[in-house]
Amino acid sequence: MNFQRCFNTSEDTFPLPPHLRALYGPFGFPQPPEDRPYITSNFVMSLDGRASFRELEGRTGGHEISRSSEDRWLMDFLRAHHDAQLMGANTLREEPGKDVRGWDFGIDDDELRIYRRETLKLRPQTIIVVTALGNVDVSLPIFNSARVEPWLLTTENGETNLKSRLKAVGREGTIKIISVGSGKWLDLAAAVALLRQRHGIQTLLCEGGPTVYAELLQKRLIDEDFRTLSSQVLGLSTVPTIDRPSSYGGVSYEPETAPWFKLISLHYSLPYHVFFRLRYQGPRPGHGMK
Ligand SMILES: NC(=O)c1ccc[n+]([C@@H]2O[C@H](COP(=O)([O-])OP(=O)(O)OC[C@H]3O[C@@H](n4cnc5c(N)ncnc54)[C@H](OP(=O)(O)O)[C@@H]3O)[C@@H](O)[C@H]2O)c1
């Protein structure tokens, strides 16, 4: 694997096998906050910051932008170290997967899958899909894979819809549904608090999409970002009415409020990819050059 380390100032809390430590360097997280999980995100983006060829049906999303076995390995590495993954329902709908029926979002790398299970002894790989409407196709691979445990995070209305969908296909009670609030949209701050307090999730990896990520960022719930920079340019769109989103979604800041991120580690694979690990710092007061 053509994965190189530039520098790495990570905490060192995970017992990486020696050859992975030699490759990646140390890996660890700070203690999670008491009231919610430690929340990170992982996206691949283009030089112009785009996260999806959105309007090109069947060719949207991370896989098309990445085209890198090193990035795929790093995604598995991050999945292996987190209690659970979080994902918006649109990512599920729009990411076609290799058989056009979608991915199961599991860990492909055998060594990392076994390391998670036998060395880290983490819970079964848990993937939490956020949906307000509850219009989720439970025949997709994520809901039918032995490798992952899907949960649905929704509102009271979404729960009613999901339960009747599951009943209609004879799968009542087979998928965990967590309902938060009765509003149209659920409060992600309350939801992640519940994930920590009631469901024991201490580390949560947001894998998209930009809408879910932007909500977390806006509520200051993002602790770290893993970003793969794929050195290509996507541009705005080939259909003027459909924008290609940036991995940061619809946030808008001013110089005084724009959040900064501190570089924790930097890896690369020549000639096309750079892998950033960034820790949320928040707005930087003043206009000095420090
Ligand atoms: N480059 C990358 O690494 C990467 C990673 C992931 C995704 N992507 C791309 O990003 C695109 C999808 O992103 P997206 O921003 O459109 O969608 P998204 O964030 O994946 O999902 C948005 C959906 O999540 C649900 N949701 C979000 N916040 C909610 C809340 N507070 N309460 C209840 N439900 C909530 C809603 O589902 P309902 O509509 O069901 O109510 C909403 O429509 C795709 O093109 C995908 O390929 C790229």
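Here, every reference points to the structure presented above.
Residues numbered from 1 in each chain as written. Predicted model: local features only at pLDDT ≥ 70, side-chain atom pairs only at ≥ 80, totals over all residues. Heavy atoms only, no water.

Draft legend 1. Region of the structure containing the overall build of the chain. Looking only at helices and strands, the chain has eight helices and 10 strands in total. The C-alpha atoms of the chain give a radius of gyration of 19 Å, which matches the 19 Å a tight globule of 290 residues would have. Oriented by its inertia axes, the alpha-carbon framework of the chain measures out at about 55 × 50 × 40 Å. For the chain, the accessible surface area stands at approximately 14200 Å², while carbon and sulfur atoms represent 54% of it. Distance between charge centroids for the chain: 2 Å, based on 35 positive and 35 negative side chains. (Helix = DSSP H or I, 4+ residues; strand = E, 2+ residues; numbered from the N terminus. Rg over C-alpha atoms; globule rule 2.2 N^0.38 Å. Areas by Shrake-Rupley, 256 points an atom, 1.4 Å probe, with all protein chains shown as cover. Lys, Arg positive; Asp, Glu negative; His and termini not counted. Charge placed at Lys NZ, Arg CZ, Asp CG, Glu CD.)

Draft legend 2. Representation of the nonpolar core. If you look at the biggest cluster of nonpolar residues, it comprises 29 residues, and the most contacted ones within it are Leu86, Ile128, Leu153, Leu204 and Leu216. Of all the secondary-structure elements, those providing two or more residues to this core are strand S2 (38-46), strand S3 (84-88), strand S4 (126-130), strand S5 (149-154), helix H7 (188-197), strand S7 (203-206) and helix H8 (210-218). In this view, Leu204 contacts Pro37, Tyr38, Ile39, Thr40, His82, Ala84, Gln85, Leu86, Ile128, Val192 and Leu195; residues no more than four positions away in its chain are not counted. Counting 20 residues, the second-largest nonpolar core is a separate cluster that includes Ile107, Leu112, Leu205 and Phe226. (Core = buried A, V, L, I, M, F, W, Y, C linked by side-chain atoms within 4.5 Å. Buried < 20%, exposed > 50% of the residue type's maximum accessible area, 1.4 Å probe, protein only. Contact = heavy atoms within 4.5 Å.)

Draft legend 3. Up close: the packing of aromatic side chains. Scanning the entire structure with this criterion turns up 15 aromatic pairs. Both rings, one in Phe27 and one in Phe226, keep their centres 6.3 Å apart while their planes meet at 45°; by these two values the pair is tilted. Of the two residues, Phe27 is situated in the loop between helix H1 (18-24) and S2 and Phe226 in strand S8 (residues 224-230); the sequence distance between them amounts to 199 residues. Since its relative accessible area comes to 0%, Phe27 is described here as buried. Members of the aromatic cluster, joined through ring pairs, are Phe3, Phe14, Tyr24, Phe27, Phe29, Tyr38, Trp73, Phe77, Phe226 and Phe275. Taking the ring centre of Trp151 as reference, the NZ or CZ of Lys176 above it sits at 4.1 Å. (Phe/Tyr/Trp six-rings, centres within 6.5 Å; stacked < 30°, edge-to-face > 60°. Lys NZ or Arg CZ within 6 Å of the ring centre and 35° of its normal.)

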